[in-house]
Amino acid sequence: MRLILLGPPGCGKGTQAKLLSERNGLEHIGTGDILREAIRQQTPAGLRAHPYVEKGQLVPDDLVNDVVAERFNLNDPPKCFVLDGYPRTLAQAIAFDQVLRQHYFDLTAVIFLQVSDEEIIARVGERWSCPKPGCKATYHTKSKPPRVPGVCDYCGTKLIQREDDRPETVRARLVVYHKNIGPLVEHYRVRGLLKEIPGHGAIDKVYASIMTVLNGQAKRKC
Ligand code: AMP
């Protein structure tokens, strides 16, 4: 399968993308994770992205398009994947269409997770993340607490709250999200790819709804 996950920041895209990738053998490509790692390593892309990410603004389209195109231009591009956090603007969707065309890839579906702003603000304040590259597990103090408070279940790393998960930054991210989501959703709706899924409730329930909508395509070869 080749999937795109759309939805507001903190709606569970990262969690669902991780499950979809682990259970269906898809490569998980999260632009937020890639950018945070670039910032941590102070690469040229990371240094350029940092001021935008810390304020909750979108990084320029050309920067994130290059990051994704680079990932697909390696000798062994991902054939089955789930994209999480990209595209976020119509310009990015158009740029990604071009990447897909270069590889003769079709998308299987675009999953649009719907969660209200109030729930997002409540959820993100309780979110804790594992900062270890390659792990990146996320937790929620109520709905998905780690077994030992403050420690990652998978790798034992001390959990952190992301700098862009502060309430004022989350509000800024929601404003940016609402400004861009309409044209993006329309782009995929007219192509018959959009699948709208309620994103509230338990993680496994949301996952089951996604799989029901994908209608057994999980075993389909890309
Ligand atoms: P995320 O973890 O997906 O919520 O992304 C965290 C931050 O990374 C966002 O608030 C943006 O600053 C930046 N970012 C991630 N993906 C994109 C994208 N596709 N376009 C622009 N900025 C992005």
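For the structure itself, look to the data block above.
The following paragraphs examine the structure supplied in this document. Residue positions are given per chain, counted from 1 along the sequence in the order it is written. Per-residue local features of the predicted model are confined to residues with pLDDT of at least 70, and side-chain atom pairs are confined, for both listing and counting, to 80 or more; whole-chain, interface and lining totals are unaffected and use all residues. Side-chain numbers come from the whole structure's heavy atoms, not from hydrogens or water.

1. Some words on helix H2 (residues 31-40)
Next, step 1: The buried label applies to any residue whose accessible area, calculated with a 1.4 Å probe on protein chains only, is under 20% of its type's maximum; exposed applies above 50%, and partly exposed to all values in between. Segments assigned H or I by DSSP are reported as helices when at least four residues long, segments assigned E as strands when at least two residues long, and all are numbered from the N terminus. All buried positions along H2 are accounted for by Thr-31, Leu-35, Glu-37, Ala-38 and Ile-39.
Next, step 2: Should any heavy atoms of two residues lie within 4.5 Å, those residues are counted as being in contact. Tucked inside the fold, the buried residues of H2 contact strand E2 (27-30), helix H3 (44-55), helix H4 (61-72) and strand E3 (81-84).
Next, step 3: The positive-phi residue at the C-terminal boundary of H2 is Gln-42, with phi of around 55°.

2. A few points about the pattern of salt bridges
Next, step 1: We define a salt bridge as a contact between a side-chain nitrogen of Lys or Arg and a carboxyl oxygen of Asp or Glu at a distance within 4 Å. Evaluation of the coordinates by the stated rule reveals 14 salt bridges.
Next, step 2: With a shortest N-O distance of 2.6 Å, Glu-126 and Lys-142 are connected by a salt bridge. On the criterion of sequence distance, the pair formed by Glu-126 in the loop between helix H6 (117-124) and strand E5 (127-129) and Lys-142 in the loop between strand E6 (138-140) and helix H7 (167-189) is long-range, its members being 16 residues apart.
Next, step 3: In this structure, Asp-165 engages Arg-127 in a salt bridge whose closest nitrogen and oxygen atoms are separated by 3.1 Å.

3. Considerations on the side chain of Asp-97
Next, step 1: Looking at the secondary structure, you find Asp-97 in helix H5 (residues 90-102).
Next, step 2: Positive: Lys, Arg. Negative: Asp, Glu. His and the chain ends are not part of the count. Look at Asp-97: it is buried, it has no salt bridge, and the nearest opposite charge is Arg-191 at 4.2 Å.
Next, step 3: If we ignore the near neighbours within four places in the chain, the residues touching Asp-97 are His-187 and Arg-191.

4. Concerning the nonpolar core
Next, step 1: In terms of nonpolar packing, the biggest core is built from 32 residues, with Leu-6, Phe-81, Phe-96, Leu-107 and Tyr-188 touching the most fellow members.
Next, step 2: Secondary-structure elements contributing two or more residues to this core are strand E1 (2-6), H2, H3, H4, E3, H5, strand E4 (109-114) and H7.
Next, step 3: At six residues, the largest contribution of residues to this core is made by H4.
Next, step 4: The residues touching Phe-96, leaving out its near neighbours within four places in the chain, are Ile-4, Val-68, Phe-72, Phe-81, Leu-83, Tyr-86 and Leu-107.
Next, step 5: Residues grouped as a nonpolar core are buried Ala, Val, Leu, Ile, Met, Phe, Trp, Tyr and Cys residues, joined through side-chain atoms within 4.5 Å. Within the second largest apolar cluster, 23 residues are counted, among which are Met-1, Leu-3, Leu-5 and Val-124.

5. Some details on the sheet that holds E2
Next, step 1: Read from one edge of the open sheet, five strands run E2-E3-E1-E4-E7, paired in parallel fashion. Edge positions in the sheet fall to E2 and strand E7 (194-198), since each has one partner strand and no second. Averaged over all pairs of adjacent strands, the angle between their axes in this sheet comes to 20°, without regard to strand direction.
Next, step 2: If DSSP finds at least two bridges between two strands, the strands pair. Note: E1 against E4, four bridges, orientation parallel. Residue pairing for E4: Leu-5 is matched across the bridge by Ile-111.
Next, step 3: Every angle, taken between N-to-C directions, lies between 0 and 180 degrees, and every axis is a line fitted to C-alpha atoms, over only the stretch in contact when it is a helix. Here H2 sits on the sheet in contact with E2 and E3, set at roughly 65° to E2.

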